[in-house]
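# Results of the structural survey
Chain by chain, the residues run as shown.
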Amino acid sequence: MENKPVIITIGRQFGSGGREIGEKLAHKLNIGYYDKALIEEAAKAHGLNQTVVETYDEKPAGRFAFTMDVLGLGHAPKTPPDMPIGMQVAFAQFAAIREVAGRGDCVIIGRCADFVLADHPHVLHVFVHASDEKRLERVTQRYNLSPDEAKRALRTVDKRRASYYNYYTDQSWGDMRNYHLTLDSGDLGIQGCVEMIARYLELRP
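Residues numbered from 1 in each chain as written. Predicted model: local features only at pLDDT ≥ 70, side-chain atom pairs only at ≥ 80, totals over all residues. Heavy atoms only, no water.

What follows deals with the sheet that holds strand β3 (residues 106-109). Strand order in the open sheet formed by 5 strands is β2-β3-β1-β4-β5, and the pairing between neighbours is parallel. Sheet topology places β2 (32-34) and β5 (181-184) at the edges, where each strand pairs with a single neighbour. Taking each pair of neighbouring strands and ignoring which way they run, the sheet shows an average axis angle of 20°. Direction of pairing for strand β4 (residues 123-129) relative to β5: parallel, over a ladder of 4 bridges. Note on β5: the bridge partner recorded for Val126 is Leu181. Sheet strands touched by helix α8 (residues 185-203): β1 (7-12), β4 and β5. Its angle to β5, the strand with the most contacts, is close to 150°. (Pairing = 2+ DSSP bridges. Helix = DSSP H or I, 4+ residues; strand = E, 2+ residues; numbered from the N terminus. Axes fitted to C-alpha atoms, helices over the stretch in contact; angles between N-to-C directions. Contact = heavy atoms within 4.5 Å.)

And the structure:
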């Protein structure tokens, strides 16, 4: 990895294991890993309450219909105090994403990172998905939910993530054109996805 600097962003369907894949990949490559840590980074840098950042994490801001593109921004702006709090949180996280990417090689989970870092010269964008059956099995076991509760969770979290992503990027969450690599973790398994991403990094120019 010394000769091939890289930032890996991972978008994921709920229950696909994207977070676990990111953690294992970062460990395998011995590089930084950012998921919930971005909440702390954003709160520190922008003077926001960490609990507030957690509350609005990966949630759409509301009815305010403009995106970073409309604002003419490829990155997070300094957030004026009269901006809706959800938007302040999102832009603070986008700034944190650019900050951690500037420090060196790392894996970044969700939070529109593929869009925020679209102009990064060494970025690899990945999206992890799986069948509803496989995701239901994973969510039911991981969170000790009933099948009905797991189904509701899949719908709710995926809808929220899609709304957040679509709102801030004016792109479609999960659209393969936004990613270099899409992986079915139900077929490959967690470790298989880790190995596939690592192999992709070896093969790319």
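Right, picking up where we left off after that structure.
It is worth spelling out the packing of aromatic side chains at this point. If you walk through the whole model with that rule in mind, you get 9 aromatic pairs. With a centroid separation of 5.9 Å and 65° between ring planes, the pair formed by Phe91 and Phe94 is classed as edge-to-face. One end of the pair, Phe91, and the other, Phe94, are both in helix α4 (residues 85-103), 3 residues apart, so they sit about a helical turn from each other. The exposure classification of Phe91 matches that of Phe94, with both residues buried. Measuring from centroid to centroid gives 5.4 Å for Phe127 and Trp173, while their planes differ by 80°, and the two rings are edge-to-face. Taken together, the residues Phe127 in strand β4 and Trp173 in the loop between α7 (147-169) and β5 connect sequence positions 46 residues apart. (Phe/Tyr/Trp six-rings, centres within 6.5 Å; stacked < 30°, edge-to-face > 60°. Buried < 20%, exposed > 50% of the residue type's maximum accessible area, 1.4 Å probe, protein only.)

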